[in-house]
Amino acid sequence: MSLLAPAFLLGLLAIGLPWWLHRLSSTNPNKQKFSSLMFLEPGEPRRVLAKQVQYLLLLALRIGVLALLALAFTEPAIWRTPQAAGDADGARLHLIVLDGSASMNYGDRWDSARAAANDVLDDLRGEDRAQIVLAGRQFEVLGPATTDVAALRQTLNTAEPGVFRLEYGQLMRSIDGLIRTAELPVVLDLVTDAQATGLPTRFGELAPRRPAEIVIHDVTDGAAENWTVDSFGASAVTGELSASVRSFAPDAATRTVTLTQNGRTVGEQTVDVPGHGRADVSFPALQLASGSNRVEVALSPGDDLTGDDRRYLAIKRPEPRKVLIVAADADGRGPLFTSAALETLTTLALTPTVRASPLGDPPLLDYSFVVVTDVGQLDNAQAAAIKEYVENGGRALVATGPRSSSLTTLPITGQTLRTNPQMGSGQASVAIGEVDATHPALRGVDELRAANFVRSVNVEKTEADSVLMSLADGTPLLLDRALGNGRVLLFTSSLDREWNDLPVQPAFVPLMAGIANYLLGGAGFTSEAALGSTLSVRALGFAGAQIFDPSGDAALGLGAGSDDVLLDQVGFYEVVGGGTSELVAVNFDPRESDLAPVDATTLERWKGLGVRPGESATPVTVTSSTDRVPTSLGPLLVMLLLMLVVVESLVGNWHLRIRRGVAA
Amino acid sequence: MPAGSAIPQHLLEPETLAGLANLDLVARAVVNGFLTGMHRSPFFGFSQEFAEYRAYAEGDDPRFVDWNVFARTDRTYIKRYIGETNTRLVILLDASASMGYGSGKVSKLLYGKFLAATLAYLAARQHDAVGLIVFDDKIREHRRASTRGGRLSGVLHAIDRAQPGTGTDMRIPFERFHEVEHGRGLVAVISDFYCDPDALLKSVQPLAYQGQDVILFQLLDPQELKPVLKESALIEDMESGQTMEVSPIYMSSKYRDRIGEHIEALHKSAMRAGADHRLVNITEPLDSVLRSYLLFRQRRG
């Protein structure tokens, strides 16, 4: 017998407590005879520590209870030989786990998988049972464990691979429950293509938690060649489409990339893809139809894994949106550069308007966002109007400039300004230092560091501010701050060329595109979701909607109890509601495209984590001896503990009755 | 030990007497030793029969000088008498369990046995009839008062056989006495008197009406009079077996008050019943107790 958690033996120290309590006595050991109690009065009983323990039977029971309790926590187990643990005729349970990941769609792998599973069924002996499990994103048990081979074959014929990715560590964790509840020793027959990308980070996660023999049926047949479109996107600035074609084959190949928009071919290019390399292809911006557009690229000729030869992108043509540029001089360079940059963002369909004041007609609420080229130009009323606009949910880009030099407090946001001691001479220039490239406004914006800054205002940063960009000397250059229900981006230099040369740098337009995209709500104009994620109707802004899956079936009907739909198909999901519709593109997981198998050594090590084939009749733990199995004594101890508790209660009650003088 | 031999006073200490195996020997030692030292005591001569003349010695009571002889001879002689049977002594000895208590070598019962034997011997020596009732919650021994030869020996043996018994019932011996003994006499009751003083009064009073002279010897151990406890103790009643946790503070203060009140109440009850009450600390020599008895006898005689 051994203890799996011997540290709990320290609990035996608790035995000292009843030992001490049983020595504690209210009976005074100083007993004296006296003629008569006639003139005596009882005093306060004194508790004394007697030399000898009292109520030995009760003490023994209590010590027994505590000892059993401590012992139960130590998880005692006896190790038994296979003959003792297993059943006499050596019957086993074969858990046939079919890898149902997307890569199993490659060529005839699924047929091979079925054949391998049928071979396992053919080899069943005597009272052997089998159970079929389909493992993809979810762990699907296809029927109970049975000896009925015909039923198992029928189940096998109905199983099909999915489009999800399989991670083997997750698989071993999921299958633990089946092994634990198995009445027979388990043989885990894993029918898989043993993709290297499916291995967990820690090799130890491949070990079964319960003893089981691991048999891996590798269904790969030689080297598998595959080409895939592993990325597809559209530039928010130009609308230009770009795709990347990746090869998982040793030799270079030529592939034709076809671009279709709403089912109509709108472009086609041929690319040479090097062996185990990548080739990029781009298409000009599309003439988008109103609403969402189904845009997809496809490779031809196809290969044996068709699911990853096509990639989808939902692109929505935005409605024209008005932007107000507030500038004291409508002909100045600041509004000029800004409006020119915004007008080039065709994908955003922005219409900039330059005005000297934010007040007037049309009102500010008509504009999607506001740009203030020099906040120093605003009087109090104008600043208050913009502040009110932002607090009510509006967005604004506020820049500084020569008119802001004398300010100590920034209008609109109320931020404190400090003079910048290193700048202002007009001679020394500073480049951009840190850039938060993860922020939506700056994502994909390059070459910013080419710009030179000769002057900026130094804003005292508070906890409410996020610094998205700062100069090399540490001065915050672009800050993000929430104001009421709206948001303000503060650019601490000018938008003309007075204080920097950013407006004439190539990065200016992408920067303005990123800022505009962020100020418009950050939704972008493309829509894509990960396979296996959930799509929420409310998250898309619909109060109620129907969702149709790529095959056109209603995945979520009106009045359904849930707002969420599991995206378990590749293609376009369409959300229809409120008179409009949205498209969400769902694509194949690129990791399933890499069909490189786990090397043979790793596979052998994985098999070694289970029980050796010769000992297959006996489940054993991976981390201990392989010739004996532990059988927990916990249930036995708990039963014994309960019995002792009952007896202890009876004996204790009996003692109490005696002490109270109740007739037993 | 021959009668009349002189015994040093310290030999009358109870603890010394406890070393003597024979109760008869104890009685003789006490009485003879006591009488030897009584040359200057007022108790000699309570009998009326003339015994002898003796030259007056310093310290003799002048009342016993025979003035007629002095007138004739011009010498002073003391006129001595020998005793004669003119009364009867019945000893009621309590042999209950509580009498077995003793903090020293001598228990109350042993002391009581010494006292009873001594009284019996003294009475027999003066030719008084001696009777005995040994009791606890019932009559254990009963020897009717008699002056027949060998009577003393029987009484002493009965006393010697007394062992601590069970509880105490004071009514029993007095009722027995009332039923059996008729005629006037002396009654010496030896007990620790752990009883209700009023109940005792009811028991004693009929004897007083009968013309008996009753003396109550209340024997108490020093630990009963002034108990000293170093720490709280579980006290067990020797008669009932009940136990009680008692604190040393109580024993050194309130208990002493209560036992004192009890003794006082007993004393008053005895007085009301026309009896004498003598508190005896069982560490005190027997001669002082004997002196009390003789004073009592003289007073009643």
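Residues numbered from 1 in each chain as written. Chains lettered and ligands numbered in written order. Predicted model: local features only at pLDDT ≥ 70, side-chain atom pairs only at ≥ 80, totals over all residues.

(A) Geometry of the overall build of chain B. Within chain B, the regular secondary structure consists of eleven helices and ten strands. Taking all 301 residues of chain B together, 40% fall into the buried category. Across chain B, contacts joining residues at least 24 apart in sequence account for 77% of those joining residues at least 6 apart. (Helix = DSSP H or I, 4+ residues; strand = E, 2+ residues; numbered from the N terminus. Buried ≥ 20, exposed ≤ 12 C-beta atoms within 10 Å, placed from the backbone. Contact = placed C-beta atoms within 7 Å.)

(B) A look at the overall build of chain A. Summing up its helical and strand segments, chain A has eleven helices and 36 strands in all. A burial count over chain A gives 39% of its 664 residues as buried.

(C) Broad picture of the environment of G100 of chain B. With respect to the element layout, G100 of chain B can be found in the loop between β3 (88-94) and α4 (108-125). Not counting the four nearest positions on each side in its chain, G100 of chain B is found in contact with S107, L109, P164 and M238 of chain B.

(D) Region of the structure containing the interface of chain A and chain B. Residue-level contacts link 18 residues of chain A with 24 residues of chain B. Class assignment for the residues of the side of chain A that touches chain B results in seven nonpolar, seven polar and four charged. Bridge count between strand β3 (residues 31-34) of chain A and strand β8 (residues 233-237) of chain B: four bridges; the pairing is parallel. Note on β8 of chain B: the bridge partner recorded for K33 of chain A is E236 of chain B. (Nonpolar A, V, L, I, M, F, W, Y, C, P; charged D, E, K, R; others polar. Pairing = 2+ DSSP bridges.)

(E) Quick look at the packing of helix α4 (residues 109-122) of chain A against helix α5 (residues 149-158) of chain A. Residues and elements named next belong to chain A. At their nearest, the axes of α4 and α5 sit 11 Å apart, and the two run at 170 degrees to each other. Considering the angle they form, α4 stands roughly antiparallel to α5. Contact residues: R114, A117, N118 and L121 in α4; V149, L152, R153 and L156 in α5. Here the residues of the contact of α4 with α5 sort into five nonpolar, one polar and two charged. (Axes fitted to C-alpha atoms, helices over the stretch in contact; angles between N-to-C directions. Parallel < 35°, antiparallel > 145°, perpendicular 65-115°, else oblique.)

(F) Fine view of the sheet that holds strand β10 (residues 213-218) of chain A. Residues and elements named next belong to chain A. The sheet built from five strands is open, its strands ordered β8-β7-β6-β9-β10 with mixed pairing. Each edge of the open sheet is held by one strand with a lone partner, namely β8 (139-146) and β10. The average angle at which neighbouring strand axes cross in this sheet is 15 degrees, direction not considered. Relative to strand β7 (residues 129-135), strand β6 (residues 93-99) runs parallel, the two sharing seven bridges. Opposite L95, over in β7, you have Q131 as the bridge partner. Sitting on the sheet, helix α6 (residues 168-181) is in contact with β6, β7, β8 and β9 (186-192), with an inclination near 155 degrees to β6.

(G) Quick look at the confidence of the model for chain A. Residues and elements named next belong to chain A. Put simply, chain A has an average pLDDT of 82, and 88% of its residues get 70 or more. Note on residues 82-88: pLDDT is under 50 here. Beyond four places in sequence and across chains, it has eleven contacts. Taken as a whole, residues 616-626 scores under 50 in pLDDT and shows 37 contacts with residues more than four places along the chain or in a different chain. (pLDDT = per-residue confidence, 0-100.)

(H) Structural view of the confidence of the model for chain B. All names here are of chain B. Model confidence for chain B is summarised by a mean pLDDT of 80, while 83% of its residues fall at 70 or above. Here strand β1 (residues 49-55) is the element of chain B with the lowest mean pLDDT, 63, and helix α8 (residues 222-225) is the one with the highest, 92. Below pLDDT 50 for its whole length, residues 1-8 participates in twelve contacts with residues either more than four positions away or in separate chains. Taken together, the stretch residues 39-48 has pLDDT below 50 and engages in 20 contacts with residues farther than four places along the chain or on a different chain. Both scores are given for the predicted complex: the pTM is 0.46, the ipTM 0.75.

(I) Examining the nonpolar core more closely. With 69 residues, the main nonpolar core has I91 and A120 of chain B as its most contacted residues. The element best represented in this core is α4 of chain B, accounting for 13 residues. For I91 of chain B, the residues in contact, after removing those within four places along its chain, are A116, L119, A120, L132, A188 and I190 of chain B. Listed in part, the 62 residues of the second largest apolar core include A385, I412, L502 and Y518 of chain A. (Core = buried A, V, L, I, M, F, W, Y, C linked by C-beta atoms within 7 Å.)

(J) Quick look at α4 of chain B. All names here are of chain B. With 18 residues, α4 extends 25 Å from end C-alpha to end C-alpha; this agrees with the ideal 26 Å at 1.5 Å per step. Most of α4 sits inside the fold, with 17 of its 18 residues counted as buried. Just downstream of α4 lies H127, where phi reads positive at about 65 degrees. (Expected span 1.5 Å × (residues − 1).)

(K) Region of interest: the sheet that holds strand β12 (residues 241-247) of chain A. Residues and elements named next belong to chain A. A sheet is described by the order of its strands in space; here three strands give the open sequence β11-β12-β15, paired in antiparallel fashion. If you trace the sheet from one side to the other, it starts and ends with β11 (227-234) and β15 (278-283), each paired once. Adjacent strand axes in the sheet meet at a mean angle of 20 degrees when their direction is disregarded.

(L) Inspection of helix α9 (residues 508-519) of chain A at higher detail. Residue and element names in this part refer to chain A. Here α9 spans 16 Å end to end across twelve residues, near enough to the 16 Å set by a 1.5 Å rise per residue. Looking only at α9, the buried set comprises F508, P510, L511, M512, A513, G514, I515, A516, N517, Y518 and L519. In the core, the buried residues of α9 are packed alongside α7 (333-343), β19 (350-355), β20 (369-372), β21 (395-399) and β28 (486-491).

(M) Representation of the pairing of strand β9 (residues 243-246) of chain B in the model. All names here are of chain B. For β8 and β9, the ladder comprises four bridges, and the chain directions are antiparallel. Bridge assignment links L234 to a residue of β9, and that residue is E245. As consecutive antiparallel partners, β8 and β9 are separated by five residues, and within that stretch G241 has a phi angle of approximately 80 degrees, a positive value.

(N) Unusual backbone geometry, seen in detail. All names here are of chain A. With an omega of -5 degrees, the peptide bond between S300 and P301 qualifies as cis. Inspection of the secondary structure assignment puts P301 in the loop between β16 (291-300) and β17 (310-317). For the bond from D361 to P362, the omega torsion is 0 degrees, close enough to zero to count as cis. The residue H276 is not glycine, and still its phi comes out positive at about 50 degrees. As for its placement among the helices and strands, H276 is situated in the loop between β14 (264-273) and β15. Under the C-beta neighbour-count criterion, H276 is labelled partly exposed, with 14 such atoms within 10 Å. At I412, a position not held by glycine, the phi torsion is positive, near 75 degrees. If you trace the backbone, I412 turns up in the loop between β21 and β22 (417-418). The class for I412 is buried, based on 25 C-beta atoms found within 10 Å.

(O) Representation of the packing of α4 of chain B against helix α5 (residues 151-161) of chain B within the structure. Residues and elements named next belong to chain B. Between α4 and α5, the least distance of the axes is 10 Å, while the angle of their chain directions is 175 degrees. With respect to their mutual orientation, α4 and α5 come out roughly antiparallel. On α5, the residues touching K113, A116, A117, A120, Y121 and A124 of α4 are L152, V155, L156, I159 and D160. Partitioned by chemical class, the residues of the contact of α4 with α5 number nine nonpolar, no polar and two charged.

(P) Up close: the environment of R449 of chain A. Residues and elements named next belong to chain A. Within the element layout of this structure, R449 appears in the loop between β23 (430-435) and β24 (452-453). On the basis of neighbour count, R449 is assigned to the partly exposed category, with 13 C-beta atoms found within 10 Å. In sequence terms R449 and V435 are 14 residues apart; their C-alpha atoms lie 9.2 Å from each other.

(Q) Focus on the pairing of β28 of chain A. Residues and elements named next belong to chain A. Among the six residues that make up β28, six are buried, leaving the element largely enclosed by the rest of the structure. Of the two faces of β28, both are covered, the one formed by G486, V488 and L490 as well as the one formed by R487, L489 and F491. Relative to β28, β21 runs parallel, the two sharing five bridges. The residue of β28 that forms the bridge with L397 is L489. Sheet topology places strand β27 (residues 476-483) next to β28; six bridges connect them, and they run antiparallel. Paired with L479 across the bridge in β28 is L490. Here β27 folds back onto β28 in antiparallel fashion, the turn holding two residues, of which G484 has a positive phi close to 60 degrees.

(R) The arrangement of the environment of S527 of chain A in detail. Relative to the helices and strands, S527 of chain A resides in strand β29 (residues 526-530). Once you skip the residues sitting within four places of it in the chain, S527 of chain A turns out to touch A314, K316, E582, L583, V584 and A585 of chain A.

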